[in-house]
Amino acid sequence: MHAPAPVALKILVAGGFGAGKTTFVGAVSEIRPLRTEELLTEAGRPVDDTSGVEHKRTTTVAMDFGRITLRPDLVLYLFGTPGQDRFWFLWDELASGALGAVVLADTRRLRDCFAAVDYFERRGIPFTLAVNCFDGATRYPEEAVREALDLDPGVPVVLCDARDRESVKDVLVTVVENARGSRSTSAGTARPAACSATTPPAGW
């Protein structure tokens, strides 16, 4: 008897420009990730806001793609979306058939993930908000991030390091559990513990 084929699920990885989507997919993918990165150019400076991520030299212009086997019977296909609004026309195609999504947030540029949050809320796609803990970035408690983004109570908020495979796996497990819970009941999954308490800055 042959073992049954594993269930394959599609997960989107979204967020603002420079939030760590390409790094997130690459850190956990068991295959060589597909990347569609191009160098940032002078022509793009008027439309690509690099404040806070001045070191960034490339940008995703179509998608990132990776795969991870969470269990012998469960495989996730990860699709990273482009962050700039001029590439948002690709999102509908990438979102087709998605079980759920990760929205990566950078607390130095938190407003950049508003568009992704709004997109998944309007389309009823369950998502998890993952705060990418960049070196040197101030860490805020979950409730401060939740309030700043006006998230529904059922949306999980987790901390992660997009460079770390185990940290990324933990986020993906939360995404799958939240999506499964959203489909069986209207309640979200339990929310993880937050970071150290700090008042969010004005302008979030």
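As a convention, each chain's residues are numbered from 1 in the sequence order in which they are written. In keeping with the model being predicted, local features are shown solely for residues with a pLDDT of at least 70 and side-chain atom pairs are shown and tallied solely at 80 or more, while totals for entire chains, interfaces and linings include all residues. Water and hydrogen atoms play no part in the side-chain values, which are based on all heavy atoms of the structure.

## Notes on the confidence of the model for the protein chain
The predictor attaches a confidence to each residue, and that confidence, scored 0 to 100, is pLDDT. On average, residues of the protein chain carry a pLDDT of 80, and 72% of them reach 70 or more. Every residue in residues 38-46 scores below 50 in pLDDT, and together they form 13 contacts with partners more than four places removed in sequence or on other chains. Note on contacts: a residue pair is in contact if any heavy atoms of the two residues lie within 4.5 Å. Every residue in residues 186-204 is under pLDDT 50, and counting partners more than four places away or in other chains gives 48 contacts.

## Brief notes about the side chain of Thr 107
Strands are runs of DSSP state E lasting at least two residues, helices are runs of H or I lasting at least four, and both sets are numbered from the N terminus onward. Mapped onto the elements, Thr 107 comes out in the loop between strand 5 (100-105) and helix 3 (114-123). With a 1.4 Å probe rolled over the protein chains alone, any residue whose accessible area is under 20% of its type maximum counts as buried; one over 50% counts as exposed, and the rest are partly exposed. A residue is classified by how much of its surface remains accessible, and Thr 107, at 9% relative accessible area, is buried.

## Considering empty space enclosed by the protein
In the cavity and pocket records, a cavity denotes points on a 1 Å grid over the protein atoms alone where a 1.4 Å probe fits but cannot get out, a pocket denotes an open set with protein on both sides within 12 Å along at least 5 of 7 lines, and lining residues are residues with an atom within 4 Å of a point. Grid points are joined across faces, edges and corners, and a volume is the space filled by probe spheres set on the points. Here the structure, examined in full by the defined rule, presents 3 cavities of 30 Å³ or more. Put simply, the largest cavity is a space of about 50 Å³. Surrounding the largest cavity, Gly 16, Phe 17, Ala 19, Leu 104, Ala 105, Asp 106, Arg 109, Leu 110, Asp 112 and Cys 113 form its lining. Classifying every residue of the lining of the largest cavity gives 6 nonpolar, 1 polar and 3 charged. Residues are sorted three ways: Asp, Glu, Lys and Arg are charged, Ala, Val, Leu, Ile, Met, Phe, Trp, Tyr, Cys and Pro are nonpolar, and all the rest, Gly among them, are polar.

## A few points about the packing of aromatic side chains
Stacked, tilted and edge-to-face pairs are distinguished by plane angle, under 30 degrees for stacked and over 60 for edge-to-face with tilted covering the rest, among Phe, Tyr and Trp rings (Trp via its six-membered ring) whose centres lie within 6.5 Å. Across all of its chains, the model carries 6 aromatic pairs by this definition. An angle of 75° between the planes, with centres 5.1 Å apart, marks the rings of Trp 91 and Tyr 119 as edge-to-face. Taken together, the residues span a long stretch of sequence, with Trp 91 in helix 2 (residues 91-95) and Tyr 119 in helix 3 at a distance of 28 residues. By relative accessible area, Trp 91 is classed as buried at 4%. A centroid spacing of 6.2 Å and a plane angle of 25° characterise the contact between Trp 91 and Phe 120, whose relative ring orientation is stacked. Highlighted residues: Trp 91 in helix 2 and Phe 120 in helix 3, separated in sequence by 29 residues. With respect to class, Trp 91 is no different from Phe 120; both count as buried. Put simply, the rings of Trp 91, Tyr 119, Phe 120 and Phe 127 pair up and form one aromatic cluster. Lying across the ring of Phe 79, Lys 10 places its NZ or CZ 4.8 Å from the centre. Lysine NZ or arginine CZ positioned within 6 Å of the ring centre and within 35 degrees of the ring normal marks a charge as sitting over the ring.

## Notes on the nonpolar core
For our purposes a nonpolar core is just a set of buried Ala, Val, Leu, Ile, Met, Phe, Trp, Tyr and Cys residues, chained together by side-chain atoms within 4.5 Å. Residues Leu 12, Val 103, Phe 120, Phe 127, Leu 129 and Leu 151 are the most contacted members of the largest nonpolar core, which totals 29 residues. Elements represented by at least two residues in this core include exactly strand 1 (7-15), helix 2, strand 5, helix 3, strand 6 (127-132) and helix 4 (142-149). Residues contacting Val 103, with those up to four places away along its chain left out, are Ala 14, Gly 15, Cys 113, Ala 116, Val 117, Phe 120, Phe 127, Thr 128, Leu 129 and Ala 130. By size, the runner-up hydrophobic cluster in this structure holds 25 residues, among which are Ala 27, Ala 130, Val 175 and Val 176.

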